[in-house]
Amino acid sequence: LFLFAFSTQVLAQAITFPDIQDAKWDWARPIIEDMSIRGYIAGYDDGTFGPSRPVTKIQSLILLARIMGVNENSNKDYVNLAEKVYISDLQQYNTPYKKEISYLLYKNILKKSELDTYLSKKAMDEPLKRYEAAILFTKAMGKEEEVKQRLMTVLSYKDVSDIPAYAHPYVWYVNNQEIMMGISETEFAP
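Residues numbered from 1 in each chain as written. Predicted model: local features only at pLDDT ≥ 70, side-chain atom pairs only at ≥ 80, totals over all residues. Heavy atoms only, no water.

1. Section: helix α1 (residues 29-37)
Here is step 1: Along α1, the positions that sit buried rather than exposed are Arg29, Ile32, Met35 and Ser36. Buried residues in α1, looked at end-on, bunch into an arc of 130°, giving them a common side.
Here is step 2: Structurally, α1 contributes buried residues whose contacts are with α2 (57-67).
Here is step 3: Once α1 ends, the next one or two residues include Gly39, with phi positive near 85°. (Buried < 20%, exposed > 50% of the residue type's maximum accessible area, 1.4 Å probe, protein only. Helix = DSSP H or I, 4+ residues; strand = E, 2+ residues; numbered from the N terminus. Arc of directions from axis to C-beta. Contact = heavy atoms within 4.5 Å.)

2. A closer look at the pattern of salt bridges
Here is step 1: Overall, the coordinates contain 10 salt bridges when judged by the stated rule.
Here is step 2: Among the ionic pairs, Arg29 bridges to Asp26, the shortest N-O distance being 2.7 Å.
Here is step 3: The class for Asp26 is partly exposed, based on a relative accessible area of 40%.
Here is step 4: Glu114 is the partner of Lys139 in a salt bridge, and the nearest nitrogen-oxygen pair spans 2.6 Å. Of the two residues, Lys139 sits in helix α6 (residues 130-140) while Glu114 sits in the loop between α4 (98-106) and α5 (115-119), which places them 25 residues apart along the sequence. Take Lys139 and Glu114: they sit in the same class, and that class is buried.
Here is step 5: Members of the salt-bridge network, linked through shared partners, are Lys57, Lys122, Glu126 and Glu132. (Salt bridge = Lys/Arg side-chain N within 4 Å of Asp/Glu carboxyl O.)

3. So, the packing of helix α3 (residues 76-90) against α4
Here is step 1: At a closest axis distance of 8 Å, the pairing of α3 and α4 adopts a crossing angle of 100°. Here α3 is positioned roughly perpendicular relative to α4, judged by the angle of their axes. When α3 is examined against α4, the residues Tyr78, Val79, Ala82, Glu83, Tyr86 and Leu90 are found in contact with a partner set consisting of Lys98, Lys99, Ile101, Ser102, Tyr103, Leu105 and Tyr106.
Here is step 2: By residue class, the composition of the contact of α3 with α4 is 9 nonpolar, 1 polar and 3 charged. (Axes fitted to C-alpha atoms, helices over the stretch in contact; angles between N-to-C directions. Parallel < 35°, antiparallel > 145°, perpendicular 65-115°, else oblique. Nonpolar A, V, L, I, M, F, W, Y, C, P; charged D, E, K, R; others polar.)

Below, the structure written as structure tokens:
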């Protein structure tokens, strides 16, 4: 299980992960270290980051909640209220991250109807698909309603048929905003 830092304090220095020291990770190392300084991530139990490992659905939700301020003192009252409001909705899910999930429900990043997609026993540890990340990013940016209003979305990727039709506007949005690009000019790799 990927561990995330629970501290609300900013660490004085980044965690040095031994598995990102190879030159092939030079492009990602500053970002990873910044995220560890901010307390968003801490790596795995063995002290590694696992840069080649896929991010699971539950990991992505925890990371998103932390980036959006679930551990910030200024949000403490909202987080406590969200936990109370959504306690019954989350009872059936076996996750220690109910605080983070409640916060995402409160922030309208998740809907109750989507909980099984991310929190069911089967889904929780599945890798997050890239088009699912596009959906979460769009919601985090507060642009879901705007994106859903698009009547036509044209994606020029060769693998567009591998992206579910309902996800096309979200992929278009993150691509258009340069938040998330394809793995090449012709492939999104959903």
